[in-house]
Amino acid sequence: QVQLVESGGGLVQAGGSLRLSCVASGTIFSIRAMGWYRQAPGKQRELVAEITSGGITNYADSVKGRFTLSRDNAKTTASLQMNSLKPEDTAVYYCKADIQRRIGVRAHDYWGQGTQVTVSS
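Since the structure is predicted, the reported quantities are computational estimates derived from the model, not experimental observations. (Residues numbered from 1 in each chain as written. Predicted model: local features only at pLDDT ≥ 70, side-chain atom pairs only at ≥ 80, totals over all residues. Heavy atoms only, no water.)

**Let's talk about the side chain of R71**
For R71, the location among the structural elements is in strand β7 (residues 67-71). D72 provides the closest opposite charge to the buried, salt-bridge-free R71, at an N-O distance of 5.7 Å. A polar contact is formed between the side chain of R71 and the backbone oxygen of R32, at a distance of 2.5 Å. A polar contact is formed between the side chain of R71 and the backbone oxygen of T52, at a distance of 3.4 Å. Leave out the neighbours within four places in its chain, and R71 touches I31, R32, A33, M34, I51, T52, S53, T77 and A78. (Helix = DSSP H or I, 4+ residues; strand = E, 2+ residues; numbered from the N terminus. Buried < 20%, exposed > 50% of the residue type's maximum accessible area, 1.4 Å probe, protein only. Lys, Arg positive; Asp, Glu negative; His and termini not counted. Salt bridge = Lys/Arg side-chain N within 4 Å of Asp/Glu carboxyl O. Polar contact = N/O pair within 3.5 Å; in protein donor to acceptor, adjacent residues only side chain to side chain. Contact = heavy atoms within 4.5 Å.)

**Focus: the nonpolar core**
W36, L80, M82 and Y93 are the most contacted members of the largest nonpolar core, which totals 30 residues. With 5 residues, strand β9 (residues 91-100) is the single largest residue contributor to this core. Apart from residues lying up to four places away in sequence, Y93 is in contact with E6, L20, W36, Y37, R38, V48, F67, L80, M82, G114, T115 and V117. (Core = buried A, V, L, I, M, F, W, Y, C linked by side-chain atoms within 4.5 Å.)

**Description of unusual backbone geometry**
Phi is positive for S84, which is not a glycine, with a value near 50°. Topologically, S84 is positioned in the loop between β8 (77-82) and β9. Overall, the relative accessible area of 40% leaves S84 in the partly exposed class.

**Notes on the pattern of salt bridges**
According to the stated counting rule, one finds 5 salt bridges in the structure shown. In this structure, D89 engages R66 in a salt bridge whose closest nitrogen and oxygen atoms are separated by 2.8 Å. Residue D89 is found in the loop between β8 and β9, and its partner R66 is found in the loop between β6 (57-59) and β7; the two are separated by 23 residues along the sequence. R66 matches D89 in its accessibility class, with the two residues each being buried.

**Concerning the packing of aromatic side chains**
Across all of its chains, the model carries 1 aromatic pair by this definition. When the centroid spacing of 5.1 Å and the interplanar angle of 65° are considered together, the rings of Y37 and W111 count as edge-to-face. With Y37 in strand β4 (residues 30-39) and W111 in strand β10 (residues 108-111), the pair connects residues that are 74 residues apart, well separated along the chain. A relative accessible area of 15% means that Y37 is categorised as buried. Classification of W111 by relative accessible area gives partly exposed; the value is 37%. For R45, the ring lying beneath its charged end belongs to Y94, and the centroid distance is 3.7 Å. Positioned above the aromatic ring of W111 is the side chain of R45, whose terminal nitrogen or guanidinium carbon lies 4.7 Å from the ring centre. (Phe/Tyr/Trp six-rings, centres within 6.5 Å; stacked < 30°, edge-to-face > 60°. Lys NZ or Arg CZ within 6 Å of the ring centre and 35° of its normal.)

Just distances and angles here, no functional claims.
Next up, the structure:
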């Protein structure tokens, strides 16, 4: 069993900050990439940021310079620091992790349950 538990969503005014965290637990051999996606009402889910096990990051153009994604040393937690938030950042944010559960078994994507981020103007 693998679980991704997200926390840190909420309501904030435009220009404010929030920090999202995603903790992976369960039967895990290794975690490759971890990332955050978001889905606004009526829109498709989109990549916000992702980070490899080696620490290489990739950001959506819309959040570059405002959001920072990091992983802890154990590489089981991914944290998304969101600054200068805008109303258009309002969405449900989902954590995704590419997890290999046992040696010799291929990795699969796992998703968290989502956390709501609402930015008021």
